[in-house]
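# Geometric and topological summary
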Amino acid sequence: MFAHKTSVFAGLLLFIFSGTAVVVASQDSLPGDVLYPVKVNIKEPIVSAISFGTDAKLSAEVEKASERLEEAEKLSEVGRLSADTRKEIEVRFEQHIEKMDTFGKVDPEPMDREKEKKTQTQEDLEERVVEHVEKLGKIRETLSDEKKDEIDQLTYNVLTTVHSKKDKIEKPKRNSDK
């Protein structure tokens, strides 16, 4: 009986540690890699779940959006940015931006701190996007025309998404200024 309990416990520990190892190993995976779904469907939601407070949740989404663009850079550098991987990155990037809107809904009057945080987060997001777009531009110079088109499409869609988010933040601000 003791041997059976010991082997069950050992099996459970092996399962937990091997699962943890897979999650850790997925950290550097890119769209199209076997472990990428583990990264975006298990690891990142866990990180989001343990982020407490609006500030932490907003920062986590900015970080994930930035990570998507970093993945595009890495894929571009090794010639693996395809229409499919570009679309996957764009969709996930947009999801992170949309998710930011669900945190700290801004009420017109008593939520000045929330408005300020959203504005700061937007500025952080814009700075990161500009850095990534510049890096992608440098990588673009070394690529074939087909690969250049993928980078052009990606940067256009990302910048459009970020600009749209900025408009959502500034419109209520402009209306409250009247």
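Here the structure is a predicted model, which means the values were calculated and not measured. The numbering scheme is per chain: residues are counted from 1 as the chain's sequence reads. In keeping with the predicted nature of the model, local features appear solely for residues at pLDDT of at least 70, side-chain atom pairs appear and are counted solely at 80 or more, and the whole-chain, interface and lining totals rest on all residues. Note: side-chain values were computed over all heavy atoms of the structure, leaving out hydrogens and water.

### Considerations on the environment of E73
- Relative to the assigned elements, E73 resides in helix α3 (residues 54-77).
- In what follows, a contact means two residues having at least one pair of non-hydrogen atoms within 4.5 Å. Setting aside its immediate chain neighbours within four residues, E73 contacts H132, K135, L136 and I139. Helix numbering and strand numbering both begin at the N terminus, where a helix is a DSSP run of H or I of at least 4 residues and a strand a DSSP run of E of at least 2.

### Section: the side chain of H96
- When you line up the elements, H96 lands in helix α4 (residues 83-102).
- In this structure the side chain of H96 is engaged in a polar contact, spanning 3.0 Å, whose partner is the side chain of E61.
- Leave out the neighbours within four places in its chain, and H96 touches E44, E61, K64, A65 and R68. Identification of polar contacts relies on pairs of N or O atoms within 3.5 Å, with a donor-acceptor requirement for protein atoms, meaning one able to donate a hydrogen and the other able to accept it, and with residues adjacent in sequence counted only if both atoms are side-chain atoms.

### Brief notes about α3
- Compared with an ideal rise of 1.5 Å per residue, which puts 24 residues at 34 Å, α3 spans 35 Å between its outermost C-alpha atoms and is within 8% of the ideal.
- G79 occupies a position one or two residues after α3 and carries a positive phi of about 75°. An expected span of 1.5 Å times one less than the residue number is assigned to each helix.

### Digging into the layout of surface pockets
- In this analysis, the protein atoms alone were mapped onto a 1 Å grid. Cavities are point sets where a 1.4 Å probe fits without being able to get out; pockets are open sets with protein on both sides within 12 Å along at least five of seven lines; lining residues have an atom within 4 Å of a point. Grid points are joined across faces, edges and corners, and a volume is the space filled by probe spheres set on the points. One number sums up the size of the second largest pocket: a volume of about 150 Å³.
- Contributing to the lining of the second largest pocket are V40, E44, P45, S48, E61, K64, R68, R92, Q95, H96 and K99.
- Counting only elements with at least two residues in the lining of the second largest pocket, the list comes to α2 (36-49), α3 and α4.
- Under the scheme applied here, ten amino acids are nonpolar (Ala, Val, Leu, Ile, Met, Phe, Trp, Tyr, Cys and Pro), four are charged (Asp, Glu, Lys and Arg), and all others, including Gly, are polar. Taken together, the residues of the lining of the second largest pocket sort by class into two nonpolar, three polar and six charged.

### Some remarks on the packing of α3 against α4
- In this description, a line fitted to the C-alpha atoms serves as the axis of each element, helices being fitted only across the stretch in contact, and the angle between N-to-C directions of two axes falls anywhere from 0 to 180 degrees. Relative orientation of the contacting elements α3 and α4 amounts to 165°, with a least axis distance of 9 Å. Comparing their axes, α4 and α3 come out roughly antiparallel. The crossing of α3 and α4 is left-handed. Residues L58, E61, V62, K64, A65, R68, L69, E71, A72 and L75 of α3 pack against T85, I89, R92, F93, H96, I97, K99 and M100 of α4.
- Considering only residue class, the contact of α3 with α4 consists of ten nonpolar, two polar and six charged. Geometric relationships in this document are graded by angle, where less than 35 degrees denotes roughly parallel, more than 145 denotes roughly antiparallel, 65 to 115 denotes roughly perpendicular, and other angles denote oblique. Here a crossing is called left-handed whenever its near helix is offset anticlockwise from the far helix by less than a right angle, and right-handed whenever the offset is clockwise.

### Quick word on the pattern of salt bridges
- What makes a salt bridge here is a side-chain nitrogen of Lys or Arg within 4 Å of a carboxyl oxygen of Asp or Glu, nothing more. Overall, the coordinates contain 13 salt bridges when judged by the stated rule.
- The residue K64 makes a salt bridge to E61 at a minimum N-O spacing of 2.8 Å. Pair noted here: K64 and E61 are both in helix α3, with a separation of three residues, about one helical turn.
- Between E90 and R86 there is a salt bridge, with its nearest N and O atoms 2.9 Å apart. Residue E90 and its partner R86 are located together in helix α4, separated by four residues, close to a single helical turn.
- For every residue, the accessible area obtained with a 1.4 Å probe (protein chains only) is divided by the maximum for its type, and the residue is called buried under 20%, exposed over 50%, and partly exposed between those limits. E90 gets classed as buried once you look at its relative accessible area, which sits at 9%.
- Of the residues examined, R86 reaches a relative accessible area of 9% and is grouped as buried.
- Taken together, the salt bridges that share partners define one network made up of K39, E44, E67, R68 and E71.

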